[in-house]
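This is what each chain is made of:
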Amino acid sequence: MSEFDNLKKKIELTKNKSKVNLSKNNNNTVGLTLRISTELVAAVFVATFIGYYLDKWLGTKPIFIIILFIVGVAAGIFNVVRSAKMINKG
């Protein structure tokens, strides 16, 4: 009987550990999602900000804003893809 009791305790411990790991994965997923979205928004914002001040300095109103907005979107997407590849590697 003692062996069965030990087996039951081990099974319960394993179940509890798996529940803890699932909750950690959910928190980790939220963190990764926030990080990736922040990288995308930051790249677009910084590039557009630089474009605005270049246009203001050079007196060419919409040209650099548009160009650097597109560059910021491309850089943001590149960062998201790179982060996703790193996540998939483990």
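Refer to the structure presented above.
Rules used in this analysis
- Residues numbered from 1 in each chain as written.
- Predicted model: local features only at pLDDT ≥ 70, side-chain atom pairs only at ≥ 80, totals over all residues.
- Heavy atoms only, no water.
- Helix = DSSP H or I, 4+ residues; strand = E, 2+ residues; numbered from the N terminus.
- Buried < 20%, exposed > 50% of the residue type's maximum accessible area, 1.4 Å probe, protein only.
- Contact = heavy atoms within 4.5 Å.
- Areas by Shrake-Rupley, 256 points an atom, 1.4 Å probe, with all protein chains shown as cover.
- Lys, Arg positive; Asp, Glu negative; His and termini not counted.
- Salt bridge = Lys/Arg side-chain N within 4 Å of Asp/Glu carboxyl O.
- Polar contact = N/O pair within 3.5 Å; in protein donor to acceptor, adjacent residues only side chain to side chain.
- Phe/Tyr/Trp six-rings, centres within 6.5 Å; stacked < 30°, edge-to-face > 60°.
- Expected span 1.5 Å × (residues − 1).

Now for the overall build of the protein. What the protein contains, in helices and strands, is two helices and zero strands. Taking all 90 residues of the protein together, 12% fall into the buried category. By sequence separation, contacts in the protein at least 24 residues apart represent 50% of the contacts at least 6 residues apart. As presented, the protein carries roughly 7,500 Å² of accessible surface, and 70% of it is formed by carbon and sulfur atoms.

Next up on the list: the side chain of Asp55. Within the element layout of this structure, Asp55 appears in helix H1 (residues 2–58). One buried charged residue, Asp55, forms no salt bridge at all, with the nearest opposite charge on Lys61 at 6.8 Å. Looking at Asp55, its side chain comes within polar contact range of the side chain of Thr60, at 2.9 Å. Not counting residues up to four positions away in its chain, the partners in contact with Asp55 are Thr60, Lys61, Pro62, Ile63, Phe64 and Ile65.

Here we take up the packing of aromatic side chains. Counted by the stated rule, this structure contains three aromatic pairs. Aromatic pair Phe49 and Tyr53: ring centres 4.8 Å apart, planes at 65°, arrangement edge-to-face. Taken together, the positions of Phe49 and Tyr53, both in helix H1 and four residues apart, correspond to about one turn of that helix. Since its relative accessible area comes to 43%, Phe49 is described here as partly exposed.

Its location among the elements puts Ser83 in helix H2 (residues 61–89). Within the local environment of Ser83, its side chain forms a polar contact with the side chain of Arg35, the two groups lying 3.4 Å apart. Not counting chain neighbours up to four residues away, the residues in contact with Ser83 comprise Arg35, Ile36 and Glu39.

Here we take up the pattern of salt bridges. One pass over the full model with this rule turns up one salt bridge. Here Arg35 makes a salt bridge to Glu39, at a shortest N to O gap of 3.4 Å. Residue Arg35 and its partner Glu39 are located together in helix H1, separated by four residues, close to a single helical turn.

This brings us to H2. An α-helix turns once every 3.6 residues. As a result, residues three or four positions apart point the same way. Helix length check: H2, at 29 residues, gives a terminal C-alpha distance of 43 Å against a target of 42 Å (1.5 Å per residue), a fit within 8%. Taken together, the buried positions of H2 are occupied by Leu68, Gly72, Gly76, Asn79 and Ser83.

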